[in-house]
Each structure stands twice: as structure tokens, then as C-alpha cells.
Amino acid sequence: MNKAKEPLVVHDRQTLARVEKKAGTVGLMVTRGNWHPGHQAAFTEASGRVDTLVASVYTDPVGPAFETTSDMISAADLQLAARSGVDIIFAPSTEAFYPFGAALTVLDPGQIIRKYEGAHHPEQARDRLTQLVKMLGIVRPHKVFIGQCDAQLLAAVRLVVRDLDIPVSVEVVPTFRDLDGLTVSQTTLALSATQREDATCFAKALFAGVRQAAATGSGAAVLAATREALNDSEAEIEYLDLVDPISFDPWQTDGPSTACLIAAVKLGDVRLSDNQLVVLSRP
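Residues numbered from 1 in each chain as written. Predicted model: local features only at pLDDT ≥ 70, side-chain atom pairs only at ≥ 80, totals over all residues. Heavy atoms only, no water.

Going by the annotation in an unreviewed UniProt entry, the name recorded for the protein chain is pantoate--beta-alanine ligase (AMP-forming), with Varibaculum cambriense given as the source organism. Recorded under Catalytic activity (unreviewed entry), the UniProt text for the protein chain is reproduced unchanged: "(R)-pantoate + beta-alanine + ATP = (R)-pantothenate + AMP + diphosphate + H(+)". Recorded in UniProt under Pathway (unreviewed entry), the annotation for the protein chain is "Cofactor biosynthesis; (R)-pantothenate biosynthesis; (R)-pantothenate from (R)-pantoate and beta-alanine: step 1/1." (UniProt positions renumbered as here; feature names shortened; annotations may be inferred.)

A.B. asks: In this structure, what is going on with the overall build of the protein chain? I would like to understand it.
C.D. replies: Along the protein chain, the regular secondary structure elements total eleven helices and nine strands. Its C-alpha atoms give the protein chain a radius of gyration of 20 Å, within 12% of the compact-globule value 19 Å for 283 residues. Going through the 283 residues of the protein chain one by one, you find that 48% of them count as buried. Looking at the protein chain alone, contacts between residues at least 24 apart form 69% of all its contacts between residues at least 6 apart. Split by element, the accessible area of the protein chain, about 14,000 Å² in all, is 52% carbon and sulfur. (Helix = DSSP H or I, 4+ residues; strand = E, 2+ residues; numbered from the N terminus. Rg over C-alpha atoms; globule rule 2.2 N^0.38 Å. Buried < 20%, exposed > 50% of the residue type's maximum accessible area, 1.4 Å probe, protein only. Contact = heavy atoms within 4.5 Å. Areas by Shrake-Rupley, 256 points an atom, 1.4 Å probe, with all protein chains shown as cover.)

A.B. asks: Looking at this model, I keep getting lost on the sheet that holds strand S8 (residues 257-267). Mind explaining?
C.D. replies: Sheet architecture is open: three strands sit in the order S7-S8-S9, paired in antiparallel fashion. Single-partner strands in this sheet number two, and they are strand S7 (236-243) and strand S9 (270-280). The average angle at which neighbouring strand axes cross in this sheet is 10 degrees, direction not considered. Summarising the sheet, S7 and S8 pair through seven bridges and their orientation is antiparallel. Counterpart to Tyr239 in the pairing with S8 is Ala264. Contacting S8 and S9, helix H10 (residues 193-216) runs over the sheet at an angle of about 15 degrees to S9. (Pairing = 2+ DSSP bridges. Axes fitted to C-alpha atoms, helices over the stretch in contact; angles between N-to-C directions.)

A.B. asks: Just to check I follow, could you spell out the pattern of salt bridges for this structure?
C.D. replies: Per the counting criterion, the structure on display carries twelve salt bridges. Between Asp150 and Arg128 there is a salt bridge, with its nearest N and O atoms 2.9 Å apart. Taken together, the residues span a long stretch of sequence, with Asp150 in the loop between strand S5 (143-147) and helix H8 (151-163) and Arg128 in helix H7 (residues 122-139) at a distance of 22 residues. Judged by relative accessible area, which is 24%, Asp150 ranks as partly exposed. One salt-bridge network, in which partners are shared between bridges, spans Glu45, Arg49, Lys143 and Glu171. (Salt bridge = Lys/Arg side-chain N within 4 Å of Asp/Glu carboxyl O.)

A.B. asks: I keep staring at the side chain of Thr200 and nothing clicks. Help me out?
C.D. replies: Mapped onto the elements, Thr200 comes out in helix H10. Ignoring sequence-local partners within four residues, the contact set of Thr200 consists of Asp180 and Leu182.

A.B. asks: I tried to follow the packing of aromatic side chains on my own but got confused; where do I start?
C.D. replies: When we look at a pair of aromatic rings, we describe it by the centre distance and by the angle of the planes. Evaluation of the coordinates by the stated rule reveals six aromatic pairs. Arranged with centres 5.0 Å apart and planes meeting at 80 degrees, the rings of Trp35 and Phe43 form a pair that is edge-to-face. A relative accessible area of 0% places Phe43 in the buried class. Ring centres of Tyr58 and Tyr98 lie 6.4 Å apart, and the angle between their planes is 70 degrees; this geometry places the pair in the edge-to-face category. (Phe/Tyr/Trp six-rings, centres within 6.5 Å; stacked < 30°, edge-to-face > 60°.)

A.B. asks: Help me out: how do you make sense of the packing of H7 against H8 in this one?
C.D. replies: A pair of packed helices is characterised by two quantities: the angle between their axes and the separation of those axes. Viewed as axis vectors pointing N to C, H7 and H8 meet at an angle of 50 degrees, and their least axial separation amounts to 11 Å. Regarding the angle of H7 to H8, the classification is oblique. Between H7 and H8 lies a crossing whose hand is right-handed. Along the contact surface, H7 presents Arg128, Leu129, Leu132, Val133 and Leu136, while H8 presents Leu153, Ala156, Val157, Val160 and Val161. Per-class residue counts for the contact of H7 with H8 are nine nonpolar, no polar and one charged. (Parallel < 35°, antiparallel > 145°, perpendicular 65-115°, else oblique. Left-handed = near helix turned anticlockwise from the far one by under 90°. Nonpolar A, V, L, I, M, F, W, Y, C, P; charged D, E, K, R; others polar.)

A.B. asks: Which parts of the structure should I look at to understand H8?
C.D. replies: Owing to its 3.6 residues per turn, the α-helix brings residues three or four apart onto one side. For H8, built from 13 residues, the straight-helix expectation of 18 Å at 1.5 Å per residue is met to within 8% by its first-to-last C-alpha distance of 18 Å. The element H8 is extensively covered by neighbouring structure, given that ten of its 13 residues are classed as buried. Among all positions in H8, only Ala151, Gln152, Leu153, Leu154, Ala155, Ala156, Val157, Leu159, Val160 and Val161 are buried. Phi for Asp165, located one or two positions after H8, is positive at around 55 degrees. (Expected span 1.5 Å × (residues − 1).)

Now the structure itself:
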């Protein structure tokens, strides 16, 4: 499809199915609206890997400021989508998303979704995973794109897709960061200048761990360097760990391998989470 054109906005399953018949390789990015430059970077990355990119917009329930999901798509969103290669915006109503009423099935693949971020908001984590997998069933893409910033959700989706034989390729888009190292998200964009200065210490702490991984290859050294940098800031550590990026189990040494350095902190009233991939070779 022509990447220069404004994307087609679709609200119902039947229209989406008709449009997708001649769409070639279809990719999907599941979003909750409120698009920002981080979304734009992710859309641009994903659009280069498929013939047709679908960006879904759905929240349950629809935010109180909007009557339907279609109201969540602004003129600025349409411009952002057009610039970044989105071909179709799928924004179903609650009735279109749940034609038989509220879903009685909720996915719970176990510890992979219950710890770390899942421990902070367990019901939200399960609902988010369930809605994403339901969106796969509606859109039926060849590829689904998930940001590395959502490392735990990414691992959970990979597990569910494998266990339930869902015919989709799970692909990763890199985390988009600002010049100060912070991820570009709704949370970081809302920070005041003072809050952002404090939050930058969090990003720098994870980069300290990345540098230690490159220098030593030691998992213990990575955690120690990250923790030391966090302790020098005003951050209250909620969790800090090294995990296998696929299983999200604690990382264990078995020769050189990739680990995911994950952390969440509280800085006053602000909660931040982030991760970095590192290559390690010893404890």
C-alpha cells in the first residue's frame, strides 16, 4: 500500500476482513491510543517489515473523555500514522470487540505474567494480554510487533502464541529513547523538568549495567553497578533483576547468552520501569 496516504480508519470486523484480502503480508501493532513519538518510531520500524501495517486502538472500557474508540483518533494521530507508514487504523467499538458481551475467558499463563510488572498490577496485566491475543484473532496478522520496552508482555505473548499454536510471528521493535536516555512514553512525556532530571538517573543506572556487561560479562557485576547507581539517586527500587528474555525466569549461566536487565523504581509519586538487553558469560 502507498505509505504516503492517510490511513484507512476501520471500526468493524467485516470491513477489516475485506480490506485485508488484498493486503499482502499484514503486520499488527496493538495500542491503547494517545500516540506519541515513541509510537511513531515503532510504526516506522514495523511498516518496513510488512506490506500492510494495522495499528489497533482499543481500551476497555473506553476512556471517560470519549464516547467511542473512534473519538480517540485525532487529526494529529492521523498525520502521525501517515508519516510513519500505518495503512489501517482499526478502532473497534466495545460492541464490535465483544459482540457476545464481556469475555469470560482471561489468559493467565502463570508466573511469566504474575511477577515483576504483573505483581504491580496483576489484573491489568492479564487483561492486557487477553485483549492483545483477542485482537490477534480479529485482525489475523502474519506478524505482531511488540516493543522491547514491554519485555515481560513480549515474553508472555511469545509463550501464549507457542502454547496455543496461534499462526503469527512475534517480532520486536526496539525501545525508542530520548537524548537523555529515558524511554519515550506517556509517563516520561508528562514529567516536569525537575522530575525528568531525577528520572534520568534511572536511565543512567541501567546504562551503567550495560557498560559493566560489556566490560566484564558478569551478571553479578551488572546488578551491582546498576544498584549502586540507583542507590546514589533518590530512587526507591521496586525490583531489579536479570532474567531470560524468553522465559522471564532468573538468568542462569550456561555459556555466553543474552539476558534482560529489568528494573522498576519509584521517584516520589512517579513510577518508572525499563529494561536493557545485555550479553553475559559468567555469574
